[in-house]
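Descriptive structure summary
One-letter residues, chain by chain:
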Amino acid sequence: MQGIFYNKELFDKAGVEYPNDDTTYDEFIQMVDKLKASGVTPLAIGSKNSSFAMWEFNLWLARYGWSDSVQDVLNGKQKFSNPELVKAFSKIQGLSKAGAFPENMSTIEYFDAKQQFDTGKAAMFGSGQWDCAEFDKNLGDKIGFWWGPTFKDSKADQKLDMKVPSAPIAVSASVSDNEDIKNATYAFLKFYYSKDAAELSYENSMFPATSYVGLTPDSKQYSMSAMADALSNGYESPVAAPDLTVPSAVQQSLYDGLFGVMQGTYTPQQALTKMDEALANSK
């Protein structure tokens, strides 16, 4: 699960309503304006050595039809620099122009940006369930979670969440060559998907691989509870996160392009054209 965590206390002080599934991009920009005026960084992010710091924008790409077009792009029937993705990158550019990001974004890493959020210097931070325990410790019941804005100018389905498996378990067929190894593998998988394992996952602030009736986050697990509430909307999810559907060279170009647009180094068109070039060079 990937999305945007927010500090309710900072929203309250700035007089900003908490975001929800119906919050549009234009309303998001208004939120950013009010939060910035209140003296905090609206959205903490660091681009130094931090490719994964763009994860909250995977949903933006999905809500502009990435999943609908990426296979055609990879097959040479379309370009990344298509009108829909140009609009997606333009929205990220608009966020930058609104002053949403830290002024020192290019010199700080993901963990530096997270510290800004942890210490109340930033109102929002893009992350996922892996940071829940830390947010509970530092922010407690002040934490909220939001998938991200909707886009009225997109042709794609907006009822999408980013709840994709980024590291699924794969088992080699060769395990069947050795009975002991095969039995051990089966035993591990049986436990991994069991209720006991699910309980351990919840205890360690991680969503389990399998859901069981009656198993939910503890009342003091504020971050996981906020994410669980967000999951209740019943929205669909892409099969894979956009950045995991392309070759590594294109993936790196995507990261460079997103941060280039945020920092004003590239226009949206230039960033996407570089992705097209990276794809051509990878074949």
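This section reports on the structure supplied with the text. (Residues numbered from 1 in each chain as written. Predicted model: local features only at pLDDT ≥ 70, side-chain atom pairs only at ≥ 80, totals over all residues. Heavy atoms only, no water.)

Looking at the packing of aromatic side chains
On inspection of all chains with the given rule, the structure shows 23 aromatic pairs. Aromatic pair tyrosine 25 and tryptophan 60: ring centres 6.0 Å apart, planes at 85°, arrangement edge-to-face. Residue tyrosine 25 is found in helix H2 (residues 25-37), and its partner tryptophan 60 is found in helix H3 (residues 58-62); the two are separated by 35 residues along the sequence. Looking at tryptophan 60, the relative accessible area reads 1%, which means it is buried. Ring geometry for phenylalanine 57 versus tryptophan 60: centroids 5.1 Å apart, planes at 75°, classification edge-to-face. Exposure class is identical for phenylalanine 57 and tryptophan 60. Each is buried. (Phe/Tyr/Trp six-rings, centres within 6.5 Å; stacked < 30°, edge-to-face > 60°. Helix = DSSP H or I, 4+ residues; strand = E, 2+ residues; numbered from the N terminus. Buried < 20%, exposed > 50% of the residue type's maximum accessible area, 1.4 Å probe, protein only.)

Focus: a nonpolar patch on the surface
A grouping of Ile169, Val171, Phe188, Tyr192 and Tyr193 is seen on the molecular surface, where their side chains present a nonpolar patch of about 440 Å² in accessible area. With respect to the secondary-structure elements, isoleucine 169 resides in the loop between strand S4 (143-146) and helix H8 (179-192). (Patch = residues over 30% accessible without salt bridge, like charges linked within 9 Å, V, L, I, M, F, W, Y side chains within 5 Å. Areas by Shrake-Rupley, 256 points an atom, 1.4 Å probe, with all protein chains shown as cover. Salt bridge = Lys/Arg side-chain N within 4 Å of Asp/Glu carboxyl O.)

Let's talk about a negative patch on the surface
A contiguous patch of negative charge on the surface is contributed by Glu17, Asp22, Asp26 and Glu27. Among the structural elements, aspartate 26 can be located in helix H2. (Lys, Arg positive; Asp, Glu negative; His and termini not counted. Charge placed at Lys NZ, Arg CZ, Asp CG, Glu CD.)

Side note on helix H5 (residues 83-97)
An α-helical turn contains 3.6 residues, so a residue and the one three or four places further along point in the same direction. Between the first and last C-alpha of H5 there are 21 Å, a value that for 15 residues agrees with the 21 Å anticipated at 1.5 Å per step. Its buried side turned inward, H5 meets H2, strand S2 (41-44), H3, helix H4 (66-74), helix H11 (248-263) and helix H12 (268-281). For H5, the N-terminal cap is asparagine 82; the gap from its side-chain oxygen to the backbone nitrogen of glutamate 84 is 3.1 Å. With its phi angle positive at about 80°, glycine 99 sits one or two positions after the end of H5. (Expected span 1.5 Å × (residues − 1). Contact = heavy atoms within 4.5 Å. Polar contact = N/O pair within 3.5 Å; in protein donor to acceptor, adjacent residues only side chain to side chain.)

A few points about the side chain of asparagine 82
Tracing the backbone through its elements, the reader meets asparagine 82 in the loop between H4 and H5. The exposure class of asparagine 82 is buried, given its relative accessible area of 10%. Only 3.0 Å separates the side chain of asparagine 82 from the backbone nitrogen of leucine 85, close enough to count as a polar contact.

Things to note about the pairing of S4
Of the two faces of S4, the one lined by Ile143 and Phe145 and the one lined by Gly144 and Trp146 are each fully buried. Here strand S1 (residues 2-7) pairs with S4 via four bridges, running antiparallel. Paired with isoleucine 4 across the two strands is tryptophan 146, which belongs to S4. (Pairing = 2+ DSSP bridges.)

Things to note about the sheet that holds S4
Spatial ordering of the open sheet is given by S2-S3-S1-S4, a layout of four strands whose pairing is mixed. Edge strands, defined here as strands with exactly one partner in the open sheet, are S2 and S4. Within the sheet, the average angular offset between the axes of one strand and its neighbour, ignoring direction, is 25°. Against the sheet, helix H10 (residues 222-231) contacts S1, strand S3 (122-128) and S4, and its axis sits at roughly 30° relative to S4. (Axes fitted to C-alpha atoms, helices over the stretch in contact; angles between N-to-C directions.)

Let's talk about the packing of H11 against H12
Interhelical geometry of H11 versus H12 gives an angle of 170° and a closest axis separation of 9 Å. One way to sum up the angle between H11 and H12 is to call them roughly antiparallel. In this structure, H11 contributes Ala249, Val250, Ser253, Leu254, Gly257 and Val261 to the contact, and H12 contributes Pro268, Ala271, Lys274, Met275, Ala278 and Leu279. Looking at the contact of H11 with H12 residue by residue, the classes come out as nine nonpolar, two polar and one charged. (Parallel < 35°, antiparallel > 145°, perpendicular 65-115°, else oblique. Nonpolar A, V, L, I, M, F, W, Y, C, P; charged D, E, K, R; others polar.)

What to know about the nonpolar core
Judged by nonpolar contacts, the single largest core of 81 residues is most densely connected at Phe57, Phe80 and Leu95. In terms of residues, this core owes the most to one element, H11, which gives seven residues. Setting aside residues up to four positions removed in sequence, leucine 95 forms contacts with Tyr25, Phe28, Ile29, Val32, Leu43, Phe57, Trp60, Ala100 and Phe101. (Core = buried A, V, L, I, M, F, W, Y, C linked by side-chain atoms within 4.5 Å.)

Everything listed here is a matter of coordinates, which is why it stays silent on function.
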